[in-house]
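Below are the chains, spelled out letter by letter.
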Amino acid sequence: MFDIDRPIVFYAVSVFVGCICALIFLKYNPYISIIFALIFFIIIYITNKPTFAFITLGFVLCGFFSYNKYFNFYPQNICYIRVLQKYNYNALGVINGRKIYIGGNIKKLKEGEKVKVKGDFKNHIIYERGIIGYYKVNSYEKLKPDFICVLNNFKDKIEKSFSNYLGEDKSSMVTSLCFGSSRDMRSEERRVGKECMER
């Protein structure tokens, strides 16, 4: 029997195991998920007290159901989305704490803006990236700028002022390092930045 000095570690691992079981359940095979969860529970039950084993099982179930709740979400035709990243033809947004690809009528949208959109949702889950699907925007209404939107505009102004002196590539690297984001950096700049941090 293990001496549990730090049970919080076991609880964190249990939540992680619950998420893994949910991923296997949703994407691959429900039976493999159940077998994996049972093996984990039996090991904890044999090596620890029954009370601790059932508490651990509770955390496994919390991880399982929270993972399912994240991906089993279907936005309504009218909803609120924040734009995270803007690409050439689509964008990455957040709706109710869940990542979603958005497309359609989004040309004038800017990163950081929160908008009230009207459109159609297509369920296209990418588990590895936390994407719940694709939302085609037919029309939208910009909401009053909040702190995140103002901060993003401030970042854009700083990047433009830096680009006048440093050039576009170096200014993107400086602002990415300052604001903790690598979305504006090229792959070569990311590699150099990673090597510098590892030294």
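Nothing here was measured: the structure is a model prediction, and the numbers come from that model.

Caption draft 1: A look at the side chain of Arg82. Position of Arg82 relative to the elements: it lies in strand β1 (residues 78-86). Side-chain polar atoms of Arg82 contact the backbone oxygen of Gly112, separated by 2.8 Å. When residues no more than four places from it in sequence are discounted, the contact partners of Arg82 are Leu92, Gly93, Val94, Gly112, Glu113, Lys114, Asp146, Ile148 and Cys149.

Caption draft 2: Structural context of helix α2 (residues 30-47). Taking 1.5 Å per residue as the helical rise, α2 with its 18 residues ought to reach 26 Å, and the 26 Å between its terminal C-alpha atoms agrees with that figure. Those residues of α2 that sit buried are Ser33, Phe40, Phe41, Ile44 and Thr47. For α2, the angular spread of buried residues about the axis comes to 145 degrees, placing them on one side. Turned more than 90 degrees away from the buried face of α2 sit Tyr31 and Ile46, all of them exposed.

Caption draft 3: Structural view of the packing of aromatic side chains. The full count for this structure, using the stated rule, is 11 aromatic pairs. Ring centres of Tyr74 and Phe121 lie 6.2 Å apart, and the angle between their planes is 85 degrees; on these two criteria the pair is classed as edge-to-face. Taken together, the positions of Tyr74 in the loop between α3 (50-71) and β1 and Phe121 in strand β4 (residues 114-122) put the pair 47 residues apart, joining distant regions of the chain. Members of the aromatic cluster, connected to one another through ring pairs, are Tyr67, Tyr70, Phe71 and Tyr127. Over the ring of Phe73 we find Arg98, and its NZ or CZ is 4.4 Å from the ring centre.

Caption draft 4: Summary view of the pattern of salt bridges. Under the counting rule described, the total for this entry stands at 2 salt bridges. As a salt-bridge pair, Lys27 and Glu128 come within 2.2 Å of each other at their nearest N and O atoms. With a gap of 101 residues between them, Lys27 in helix α1 (residues 7-28) and Glu128 in the loop between β4 and β5 (131-142) connect regions that are remote in the sequence. By relative accessible area, which is 58% here, Glu128 ends up exposed. Taking the shortest distance from any N to any O, the salt bridge between Lys142 and Glu113 comes out at 3.2 Å. Residue Lys142 is located in strand β5, and its partner Glu113 is located in the loop between β3 (98-104) and β4; the two are separated by 29 residues in the primary sequence. Exposure remark for Lys142: the relative accessible area of 40% places this residue in the partly exposed category.

About the criteria used
- Residues numbered from 1 in each chain as written.
- Predicted model: local features only at pLDDT ≥ 70, side-chain atom pairs only at ≥ 80, totals over all residues.
- Heavy atoms only, no water.
- Helix = DSSP H or I, 4+ residues; strand = E, 2+ residues; numbered from the N terminus.
- Polar contact = N/O pair within 3.5 Å; in protein donor to acceptor, adjacent residues only side chain to side chain.
- Contact = heavy atoms within 4.5 Å.
- Expected span 1.5 Å × (residues − 1).
- Buried < 20%, exposed > 50% of the residue type's maximum accessible area, 1.4 Å probe, protein only.
- Arc of directions from axis to C-beta.
- Phe/Tyr/Trp six-rings, centres within 6.5 Å; stacked < 30°, edge-to-face > 60°.
- Lys NZ or Arg CZ within 6 Å of the ring centre and 35° of its normal.
- Salt bridge = Lys/Arg side-chain N within 4 Å of Asp/Glu carboxyl O.

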